[in-house]
Amino acid sequence: MFISQISIFLENVRGSLRNMTELLGEKGINLLAISIADTSGFGIVRVIVNSNEIERTLKILQEAGYIAKPNRVICVRVPHKPMGLAKVLACLDEASISVEYSYSFYKSNFNDACIIIRPSDLERSVNVLQSAGISMVSQHEVDAF
Amino acid sequence: MSILNPAIECMSREEMTKLQSQRLQSAVKHEYDNVPFYRKRMDEAGVKPEHILGIEDLHLLPFTVKDDLREGFPLGLLAVPKEQIVRIQGSSGTLGNPILVGYTAGDIEIWTEMVARALTALGCRKDSIVQVAYGYGLFTGGLGLHQAASRLEAMVIPMSSGNTQRQLIMMRELGTTVLCCTPSYAAFLGETARDMGILSQLKLKSGCFGGEPWSEKMRQNLEGLLNIDARDIYGLSEIAGPGVSFECEEKNGLHINEDHVIAEIIDPESGEKLPYGASGELVMTTITKTGQPMIRYRTRDICTLDNQSCSCGRTTIRMGRLTGRTDDMLIIRGVNVFPGQIESVLAGVSEVAPHYLLVADREASVDKLEVRVELTEDMFSDTVGQIQSISNTIASQIKSVVGIQADVKIVPPRSLPRSEGKTKRVLDNRRV
Ligand SMILES: [Zn+2]
């Protein structure tokens, strides 16, 4: 139920995001989702790529001098209506699981919205969400984008 | 505690100034006439020996730096024919040529006298048993202390450094009373003696410790551990060797042997002479040395000079403990910052010590220090909060170690400038 994601450290200066995305683009890596957390000094860029491309993506980045690490997140499917996401977050909160960060992910063949979440406790959050009947997007579904 | 040469060591300021002035005047003339290097430098600076009438004219003379000695390798700065040189000492540079120093018989005499004053100040006499555990060789520590202890007719044990167990056996069996070595080796000897259970069998009374900077805390440790009076001795081979200055029983600064060297403190940036009490670079001029004399030699050591009277009776000025080196010092809001301090903080946050750069800037006439730290693999985590908490930890540790607030900026790996050889650790943008 986990989705693989790559986190990359970037300096918060003009052109750094462009350089990084161009580097991956030129090597034929397609970014399925991207999110940027920025501070005044630096940023962390998180990207989702096809799971077959993760190793190659890491290699390209590291060879170019970036610090990049793979990690796992979950992706929930929530109905496109008010309170859709709030219900998911309430489930996690009631189980004392906090959300480190979250971003949305567009998948055209789904009617539902897809939200990527990095919970404080990955394993437990999957159980909590499954027993609440909330469906999650699998890596296989992501790859079939 | 006694004074070896009270006529000199307790001389009035007026007499000392007169003595130094006379000696400086003739030394400069001798050097101008006999050392092409000094003649060239003085000509370039537009100074002639006749312009130097006393110590008040010292500032007219050009500085001499370590590189001048290196470029003159092996013995480019000799002021006498080579036949008059009776000894070579020196220091091994980690980069480039070693620095060699040639001594005439008279220079050895002077050096011996300086160290003998230091040993006398810590109670060394004819009946003392002196163990010299400084290295013997080109390094001036071993022979410097050996000569002086011999001059005082003490019993000398020339152990040189190392072989700790044997050092301790000799110390116990011969009843060593004065230990001469680096402070860190003294601590090691003490700890080993304690582990061997022979600490109480030692008869040590005092220690003559130099060759590296040490602190008051270290003094307390050594005095407690070895049950001795621990004294600092300072020197450098370019000037003579150990004994250029030494501590008396007051342990409040090191008395400089001013009849042989003139000490100044300068601003390492501007070269301007600073008043007593101000912290700056120590500059020394030899006034009695004939083999390889030094004119305004920049030691790169940072300290202060104190001309207030000392209760020991000596009237010579004293230098404070060394607080660092000019090579890589930054002064931020009046606080000296050394890369080594920042390095020790960074060593604690990452397994691989991160590359860093200290950047000084001035904003609205306030000095600011930015510490740029290259991110390492193990510092990187997926969340902003964790990286920020690492930089907060670094900032608060810098605050407690150095005493100033620094802005810590985490930068990507390999983004800081690299240079060949010595890595650049400091960038000062304030010189505008
Ligand atoms: Zn004194």
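Visitor: Help me out: how do you make sense of the overall build of chain A in this one?
Guide: A count of helical and extended segments in chain A gives 5 helices and 6 strands. When the helices and strands of chain A are placed in sequence order, the string is β-α-β-β-α-β-α-β-β-α-α. Here chain A holds 145 residues, and the buried ones make up 48% of them. The contacts in chain A between residues at least 6 apart in sequence include a share of 72% that link residues at least 24 apart. Put simply, chain A shows about 7400 Å² of open surface, and 48% of that area lies on carbon and sulfur atoms.

Visitor: Help me understand the interface of chain B and chain A, please; the structure alone is not making it clear to me.
Guide: Interfaces are often sized by the amount of accessible area the parts lose when they come together. At the junction of the two partners, chain B supplies 17 residues and chain A supplies 19 residues. Where chain B abuts chain A, roughly 1600 Å² becomes buried across the two surfaces, and 65% of that area is made up of carbon and sulfur atoms. Looking only at chain B, the three residues that lose the most surface to chain A are Glu377, Phe380 and Asp382 of chain B, adding up to 40% of its buried area. One can count 1 salt bridge joining chain B with chain A. Here Asp382 of chain B ties to Arg46 of chain A by a salt bridge, and the two come within 3.2 Å at their closest N and O atoms. The interface formed by chain B and chain A contains 5 residue pairs in polar contact (both at pLDDT 80 or more). Only α11 (384–402) and β20 (407–411) of chain B provide two or more residues apiece to the side of chain B that touches chain A. Residue composition of the side of chain B that touches chain A, by class: 8 nonpolar, 4 polar and 5 charged.

Visitor: Help me understand the pattern of salt bridges, please; the structure alone is not making it clear to me.
Guide: One side chain can pair with another of opposite charge once the charged atoms of both are near each other. Residues and elements named next belong to chain B. In total, this model carries 39 salt bridges over all chains according to the counting rule given. Between Asp367 and Arg430 there is a salt bridge, with its nearest N and O atoms 3.0 Å apart. Highlighted residues: Asp367 in strand β19 (residues 366–374) and Arg430 in the segment after β21 (426–428), separated in sequence by 63 residues. By relative accessible area, Asp367 is classed as buried at 11%. Residue classification places Arg430 among the buried positions, given a relative accessible area of 11%. Here the salt bridges share partners, and the residues they tie into one network are Glu109, Glu113, Arg117, Arg151 and Asp259.

Visitor: Explain helix α10 (residues 339–347) of chain B to me, please; I cannot follow it from the model alone.
Guide: Residues lying three or four places apart along an α-helix face the same way, a consequence of the helix completing one turn every 3.6 residues. Residues and elements named next belong to chain B. Buried within α10 are the following residues: Pro339, Ile342, Val345 and Leu346. Along the axis of α10, the buried residues cluster in a sector spanning 120 degrees; they form a single face. At its buried positions, α10 is contacted by β17 (335–337), β18 (356–363), β19, α11 and β21.

Visitor: I would appreciate a short explanation of the packing of aromatic side chains in the present structure.
Guide: Remark: the centre distance and the inter-plane angle together describe each pair of aromatic rings, the angle taken between the planes. Enumeration over the complete set of coordinates arrives at 7 aromatic pairs over all chains. Relative to Phe42 of chain A, the ring of Phe9 of chain A has its centre 5.3 Å away and its plane inclined at 20 degrees; by these criteria the two rings are stacked. Taken together, the positions of Phe9 of chain A in strand β1 (residues 2–11) and Phe42 of chain A in strand β3 (residues 42–48) put the pair 33 residues apart, joining distant regions of the chain. On the basis of relative accessible area, Phe9 of chain A is assigned to the buried category, the value being 2%. For Phe42 of chain A, a relative accessible area of 5% corresponds to the buried category. Ring pairing ties together the aromatic residues Phe9 and Phe42 of chain A together with Phe380 of chain B, which thus form one cluster. Cation over ring: Arg72 of chain A sits above Phe2 of chain A, and NZ or CZ is 4.3 Å from the ring centre.

Visitor: Would you mind showing me how to read the coordination of the zinc ion here?
Guide: Ideal geometry at a metal gives 109.5 degrees between four tetrahedral donors and either 90 or 180 degrees between six octahedral ones. Residue and element names in this part refer to chain B. Protein-derived ligands of the zinc ion are Cys248 (SG), His255 (NE2), Cys310 (SG) and Cys312 (SG), with the metal-ligand distances lying across 2.1 to 2.2 Å. Each of the 4 donor atoms bound to the zinc ion contributes to angles spanning 104 to 114 degrees, and the resulting shape is tetrahedral. Spacing between the donor residues of the zinc ion along their common chain follows C-x6-H-x54-C-x1-C. One end of the pair, Cys248, is in the loop between β8 (241–247) and β9 (254–256); the other, Cys312, is in the loop between β13 (305–306) and β14 (318–319), with 64 residues separating them in the sequence. The exposure class assigned to Cys312 is buried, which follows from its relative accessible area of 12%.

Visitor: Explain the side chain of Gln139 of chain A to me, please; I cannot follow it from the model alone.
Guide: With respect to the secondary-structure elements, Gln139 of chain A resides in helix α5 (residues 139–143). In contact with Gln139 of chain A, other than residues within four places in its own chain, are Phe2, Ile3, Ser4, Val49 and Ser51 of chain A.

Visitor: Would you explain the sheet that holds β19 of chain B in this entry?
Guide: The strands making up a sheet are joined through hydrogen bonds of the backbone, oriented either antiparallel or parallel. All names here are of chain B. If you walk across this open sheet you meet the 4 strands as β20-β19-β18-β21, and the pairing is mixed. Lying at the two open borders of the sheet, with one neighbouring strand each, are β20 and β21. Averaged over neighbouring strand pairs, the angle between their axes works out to 20 degrees when direction is ignored. The strands that α10 touches are β18, β19 and β21; relative to β18, the one it contacts most, it runs at about 125 degrees.

Calculation criteria
- Residues numbered from 1 in each chain as written.
- Chains lettered and ligands numbered in written order.
- Predicted model: local features only at pLDDT ≥ 70, side-chain atom pairs only at ≥ 80, totals over all residues.
- Heavy atoms only, no water.
- Helix = DSSP H or I, 4+ residues; strand = E, 2+ residues; numbered from the N terminus.
- Buried < 20%, exposed > 50% of the residue type's maximum accessible area, 1.4 Å probe, protein only.
- Contact = heavy atoms within 4.5 Å.
- Areas by Shrake-Rupley, 256 points an atom, 1.4 Å probe, with all protein chains shown as cover.
- Buried area = accessible area lost by both parts, 1.4 Å probe.
- Salt bridge = Lys/Arg side-chain N within 4 Å of Asp/Glu carboxyl O.
- Polar contact = N/O pair within 3.5 Å; in protein donor to acceptor, adjacent residues only side chain to side chain.
- Nonpolar A, V, L, I, M, F, W, Y, C, P; charged D, E, K, R; others polar.
- Arc of directions from axis to C-beta.
- Phe/Tyr/Trp six-rings, centres within 6.5 Å; stacked < 30°, edge-to-face > 60°.
- Lys NZ or Arg CZ within 6 Å of the ring centre and 35° of its normal.
- Donors = N, O, S within 2.8 Å, 3.2 Å for Na, K, Ca; no water.
- Tetrahedral: all angles 85-135°; square planar, octahedral: opposite > 155°, others 65-115°.
- Pairing = 2+ DSSP bridges.
- Axes fitted to C-alpha atoms, helices over the stretch in contact; angles between N-to-C directions.

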